[in-house]
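# Architecture and fold: a report
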Amino acid sequence: MQLETKVPSGALAAKWDKHRFEMKLVNPANKRKYRAIIVGSGLAGASAAASMAELGYQVSCFCFQDSPRRAHSIAAQGGINAAKNYQNDGDSIWRLFYDTVKGGDFRSREANVYRLAQVSTEIIDQCVAQGVPFAREYGGTLSNRSFGGAQVSRTFYARGQTGQQLLLGAYQALARQIGLGKVKMYSRHEMLDIVLVDGVARGIITRNLVTGEVKSFAADAVVLATGGYGNVFYLSTNAKGCNVTAAYRAYKKGALFANPCYTQIHPTCIPVSGDYQSKLTLMSESLRNDGRIWVPKKKGDNRKPGDIPENERDYYLERKYPSFGNLAPRDISSRAAKEVCDEGRGVGETGRGVYLDFADAINRLGKAVIEDRYGNLFQMYERITGEDPYSVPMRIFPASHYTMGGLWVDYNLMSNIPGLHVIGEANFSDHGANRLGASALMQGLADGYFVLPYTIGDFFARTGPSGITEEHAEFKKAEEDLNNKVKQLLSIKGSKTVDHFHRELGKIMWDYCGMARNDAGLRKGLELIPKLREEFWNDVNVLGEGLEMNMSLEKAGRVADFLEFAEIMCHDALDRDESCGAHFREEHQTEEGEALRNDKDYCYVAAWEYAGEGQAPRLHKEELKFENVELATRSYK
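Parameters at a glance
Residues numbered from 1 in each chain as written. Predicted model: local features only at pLDDT ≥ 70, side-chain atom pairs only at ≥ 80, totals over all residues. Heavy atoms only, no water. 1 Å grid on protein atoms, 1.4 Å probe; cavity = no way out; pocket = protein on both sides within 12 Å on 5 of 7 lines; lining within 4 Å. Points joined across faces, edges and corners; volume = space filled by probe spheres on them. Helix = DSSP H or I, 4+ residues; strand = E, 2+ residues; numbered from the N terminus. Nonpolar A, V, L, I, M, F, W, Y, C, P; charged D, E, K, R; others polar. Phe/Tyr/Trp six-rings, centres within 6.5 Å; stacked < 30°, edge-to-face > 60°. Buried < 20%, exposed > 50% of the residue type's maximum accessible area, 1.4 Å probe, protein only. Domains from an automatic or database assignment. Contact = heavy atoms within 4.5 Å. Buried area = accessible area lost by both parts, 1.4 Å probe. Salt bridge = Lys/Arg side-chain N within 4 Å of Asp/Glu carboxyl O. Polar contact = N/O pair within 3.5 Å; in protein donor to acceptor, adjacent residues only side chain to side chain. Lys, Arg positive; Asp, Glu negative; His and termini not counted. Pairing = 2+ DSSP bridges. Axes fitted to C-alpha atoms, helices over the stretch in contact; angles between N-to-C directions. Parallel < 35°, antiparallel > 145°, perpendicular 65-115°, else oblique.

## A look at the layout of surface pockets
In this model, the second largest pocket occupies a volume close to 940 Å³. Taken together, 32 residues make up the lining of the second largest pocket; nearest its centre are Y248, K252, E564, Y610 and E613. Where the lining of the second largest pocket is concerned, the elements lending two or more residues are β6 (189-197), α6 (245-252), α12 (473-491), α14 (519-539) and α15 (551-575). Sorting elements by how many residues they give to the lining of the second largest pocket places α12 first, with 8 residues. Its residues assigned to classes, the lining of the second largest pocket shows 13 nonpolar, 6 polar and 13 charged.

Okay, structure coming up:
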């Protein structure tokens, strides 16, 4: 399969402008003839739906939450990057581009990353115009903070609730279009399949989560904005509803899945406290601006943190990475935390934790300043742990958070299936092997507000209205297949819950395809996952019936997909016999324990094709060409 990236020729800085001019346009009066389905109402989905409706297209937007405002983008805390250089500290579009390529360990497509840096500045203007309450300096100018992987302050924020405020901005734009009748909003609808007609994406099949009704929706194009697959690990910082189903079922219809093994482990999560937990809670990376990370120098030192003198503390990030210190990138910071805990110097009852200490910042700046910057985060931490972070250090440990992998897309954000566009975390396009902090919100809004509305118009102009309706035979066949799968799940009547299988899968994935991987472990995972999947289909107990509200059935379908998707992740991690970014193969590391890339053999995007039930996926490669940055060993020292 030939992967056509559609990257325009010419100088890097001119590619996007050149491409916009060369794309075909749809006459304003003709836009209302085209129908688009957008699945997902987070930052990417809501901004895309609002923008496309504003342009005049007929838009149907779907989400499985009871309101678009409950999309998981609301949980993002720390901020959104943009190359505004308001701090006059040397930032620029080029520096944001370079930091992103370097942060992703040189495993991303240059043209897409540069475009992201270009439009980042427009995002802030858009959001300010919507009334997003970004933090401001005393004189009224917008404030900035630093995030991991950068030596400039380019992150705009709204205290510790940036995702919520940005989502409310996108939501109000979406709600305006809903009120005008230009967007039809379907909440509590889960996409369960994509429908292809003559190889082109022409609609979706959904299940109404309140009534259980399976129904078809036809359109001229489909946009997936369905987030990431971090919940394959069971315990993650993602909301419990986050899943891989929409992307995975598109994969089973022929969409290529790119770099599935690139999963980010976030360094500042509240540690696991017991087997009863169903998810983990993130503490914003912004805390690393003022918090210092340390562990005792001695193994097994169980004294209270206040009883450990300064000369017996190891501020290990400051020691190992003096140029970036506590703001080293997420993958590096996470592995460093694991390393000191593996040495027996971890803190807390489980020994799987490190301290994030604000004592120095409080002494230097005063409690009021810290409270103003992070107050709601400190309050959240205290409510969960019962500890006051103003007087004792926070305890943190790495956890599954973001997924850089996703469905493969070209420069137009269209998958290899014509008409199927994929935006935000659901695609693979911008972050390479590791995402920099505060870049997820940036990518979601860039795709939705400033990229997709242009590129999808080019697709419409080249193909014309399809005229296809839900009466087409392909829709009827897809509905029948889904109803049969529901009946199959409900008929098993086994002895174990859906959560049992999800938890067991999470343990396998964390142990063998987690923060560190090796050949033997990945092969072990590929041996265990099919056995667990077979047990699931023989012994799961899904309660209730199909034609009713049934959360057990919802979860069963999602876990069934995770049980298949997990194998692709392990295949990808096993095939990529190098270390890069968040993909850390223990066999490939420097003497100092840093990731060791193999640019000669693995400088490509791994795009996997579904080969049929029980068959190993087929690998396709998009070679990565670096014409503007030099491939170099990533260093933050």
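## Examining the packing of aromatic side chains
Using the criterion set out here, one finds 33 aromatic pairs in the structure. A ring pair is formed by F106 and F626, whose centres lie 6.2 Å apart and whose planes are at 70°; its orientation type is edge-to-face. Here F106 is found in the loop between α3 (93-103) and α4 (110-130), whereas its partner F626 is found in the segment after β19 (618-623), with 520 residues between them in sequence. Across the pair, exposure class does not vary: F106 and F626 are buried alike. Measuring from ring centre to ring centre gives 6.1 Å for F233 and W510, while their planes differ by 85°; the resulting arrangement is edge-to-face. Of the two residues, F233 sits in the loop between β9 (221-224) and α6 while W510 sits in helix α13 (residues 498-513), which places them 277 residues apart along the sequence. The exposure class of F233 is buried, given its relative accessible area of 4%. Linked through ring pairs, Y229, Y248, Y251, F257, F565 and Y610 together constitute an aromatic cluster.

## Let's talk about the domain arrangement of the protein chain
Each domain of the protein chain was delimited in the assignment, giving domain 1 (1-261 + 404-628) and domain 2 (266-400). One C-alpha centre belongs to domain 1, the other to domain 2; they are set 30 Å apart. Each partner contributes to the interface: domain 1 provides 33 residues, whereas domain 2 provides 37 residues. The junction of domain 1 with domain 2 conceals about 3000 Å² of combined surface from both sides, 53% of it contributed by carbon and sulfur atoms. Counting across the interface, domain 1 meets domain 2 through 0 salt bridges. Across the domain 1-domain 2 interface, the total number found is 20 residue pairs in polar contact (both at pLDDT 80 or more).

## Considering the side chain of R207
With respect to the helices, strands and loops of the structure, R207 is situated in strand β7 (residues 200-208). For the buried R207, no salt bridge exists, and the shortest N-O distance to an oppositely charged side chain is 4.9 Å, to E554. Within the structure, R207 has its side chain in polar contact with the backbone oxygen of G546 (distance 2.7 Å).

## Some details on the sheet that holds β9
Sheet strands pair via backbone hydrogen bonds, and the direction of the pair is either parallel or antiparallel. In space, the 5 strands of this open sheet follow the order β5-β2-β1-β9-β17, with parallel pairing throughout. Of all the strands in the sheet, the pair left with one neighbour each is β5 (183-186) and β17 (420-422). Across the sheet, the axes of successive neighbouring strands diverge by a mean angle of 20°, strand direction being ignored. Pairing of strand β2 (residues 58-62) with β5 involves 4 bridges; the strand directions are parallel. Note that in β5 the partner of F62 across the bridge is Y186.

## A closer look at the packing of α4 against helix α11 (residues 440-463)
The contact between α4 and α11 brings their axes to 9 Å, and the two run at 85°. Relative to α11, the element α4 lies roughly perpendicular. Side by side, α4 and α11 meet where R115, L116, V119, S120, E122, I123, Q126, C127 and Q130 of the first sit next to M442, Q443, L445, A446, Y449, F450 and V451 of the second. Looking at side-chain class alone, the contact of α4 with α11 contains 10 nonpolar, 4 polar and 2 charged residues.

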